[in-house]
Amino acid sequence: MNMPRPATRRTLLAGAAAAVASAMLPATAQTKDPAWPSRPIKLIVPYAAGGGTDIIARSIATRLSARLGQPIVIDNKPGAGGAIGFEAGVKAPADGYTLTFITSAYATNAATGRKMTYDPVRDISPIALVGKTSLLVAVPASSPVKTLKDLAEMARAQPNTVTYGSSGIGSMSHLGMEMFAADAKLRLVHVPYKGMAPAFADMMGGNLQAGLAT
């Protein structure tokens, strides 16, 4: 969709974040233990169980466990657009036994001015890019909306009434929908969740009209 307004720094930051979609970086402090791993490893997932990030993390954990010969224990820490889980990973002991599954929200949280207790650049060691995903707009199956144009027309006819769910303030599911709303000159109602799995549950129950997710 063409952008009729001049591109500002904030717009460019949001656009860059949208371009990388859900690039995920597991991060851990480096370890000097030659016997690593000699015990189970914890993998922090900053979103609710059942969402796209959680599903990918569990798939990788299964394969990584088989290769390393140690259990990989998933620890879901949802909330605050991923910031709670990110912070838990940063503050974990620097012994190589805690991995954190980081999404693009790690960068957008910093770019949107969220107050953090850690340095987002210096306090992690990224070790692998494990995936990129597209973002899709979804609506309940019972919705009369069948296209993005339909959604825009509904929102334009009912300003400040069409609701959409996200995985938290500053997440790509939030920023992506706000970019769409800004480009189309719409006024949508944002409802943040601790992950897209609970947002989808509410959408299927008729409590939300749309959502943007992997």
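What counts, and where the lines are drawn
Residues numbered from 1 in each chain as written. Predicted model: local features only at pLDDT ≥ 70, side-chain atom pairs only at ≥ 80, totals over all residues. Heavy atoms only, no water. Helix = DSSP H or I, 4+ residues; strand = E, 2+ residues; numbered from the N terminus. Expected span 1.5 Å × (residues − 1). Buried < 20%, exposed > 50% of the residue type's maximum accessible area, 1.4 Å probe, protein only. Arc of directions from axis to C-beta. Contact = heavy atoms within 4.5 Å. Pairing = 2+ DSSP bridges. Axes fitted to C-alpha atoms, helices over the stretch in contact; angles between N-to-C directions. Phe/Tyr/Trp six-rings, centres within 6.5 Å; stacked < 30°, edge-to-face > 60°.

K.L.:
Describe the environment of Met 172, naming the residues involved and giving the relevant values.
P.N.:
As for its position among the elements, Met 172 is in helix α6 (residues 172-184). Met 172 sits 64 residues away from Thr 108 along the chain, and the two C-alpha atoms are 8.0 Å apart.

K.L.:
Before we move on, can you summarise helix α2 (residues 52-68) with the specific residues and values?
P.N.:
For α2, with 17 residues, the first-to-last C-alpha span of 24 Å sits near the 24 Å given by 1.5 Å per residue. Buried within α2 we find Thr 53, Asp 54, Ala 57 and Ala 61. Looking straight down α2, one finds that the buried residues subtend no more than 80° of arc, so they occupy a single side. Summarising the geometry of α2, the exposed residues directed more than 90 degrees from the buried face are Ile 55, Thr 62, Arg 63, Ala 66 and Arg 67. Turning to α2, the residues buried within the fold contact β2 (41-45), β3 (72-76) and β4 (98-102).

K.L.:
A description of the sheet that holds strand β5 (residues 136-138) should follow, citing residues and the corresponding values.
P.N.:
Spatial strand order, β5-β8-β6-β7: four strands in an open sheet with mixed pairing. Each edge of the open sheet is held by one strand with a lone partner, namely β5 and β7 (189-192). Here the average twist between neighbouring strands, direction ignored, is 30°. As paired elements, strand β6 (residues 163-166) and strand β8 (residues 210-213) share two bridges and run parallel to each other. Each residue of the ladder has a partner; that of Tyr 164, found in β8, is Ala 210. Where α6 meets the sheet, its contacts fall on β5, β6, β7 and β8, and the angle it forms with β6 comes to roughly 145°.

K.L.:
Lay out the pairing of β2 in plain terms, naming residues and giving numbers.
P.N.:
Burial runs high along β2: four of the five residues are buried. Sheet analysis places β2 next to β3, joined by five bridges and oriented parallel. Each residue of the ladder has a partner; that of Lys 42, found in β3, is Val 73. Relative to β4, β2 is paired through three bridges, and the arrangement is parallel. Within β4, the position partnered with Leu 43 by the bridge is Leu 99.

K.L.:
Can you break down unusual backbone geometry residue by residue, with the values?
P.N.:
Here Trp 36 and Pro 37 are connected by a cis peptide whose omega angle stands at -5°. When you line up the elements, Pro 37 lands in the loop between β1 (25-27) and β2. At Asn 160, a position not held by glycine, the phi torsion is positive, near 65°. Positionally, Asn 160 belongs in the loop between α5 (148-157) and β6. By relative accessible area, Asn 160 is classed as partly exposed at 46%. Although it is not a glycine, Lys 185 sits at a positive phi angle of roughly 60°.

K.L.:
Now, about the packing of aromatic side chains: what can you tell me, with residues and values included?
P.N.:
This model, assessed by the stated rule, comprises three aromatic pairs. Between Phe 86 and Tyr 106 the ring centres are 5.3 Å apart and the planes differ by 80°, which places this aromatic pair in the edge-to-face class. Of this pair, Phe 86 sits in helix α3 (residues 83-90) while Tyr 106 sits in helix α4 (residues 105-111), placing them 20 residues apart in sequence. Owing to a relative accessible area of 2%, Phe 86 belongs among the buried residues under this scheme. Taken together, a centroid distance of 6.0 Å and an interplanar angle of 20° make the contact between Tyr 106 and Tyr 118 stacked. Highlighted residues: Tyr 106 in helix α4 and Tyr 118 in the loop between α4 and β5, separated in sequence by twelve residues.

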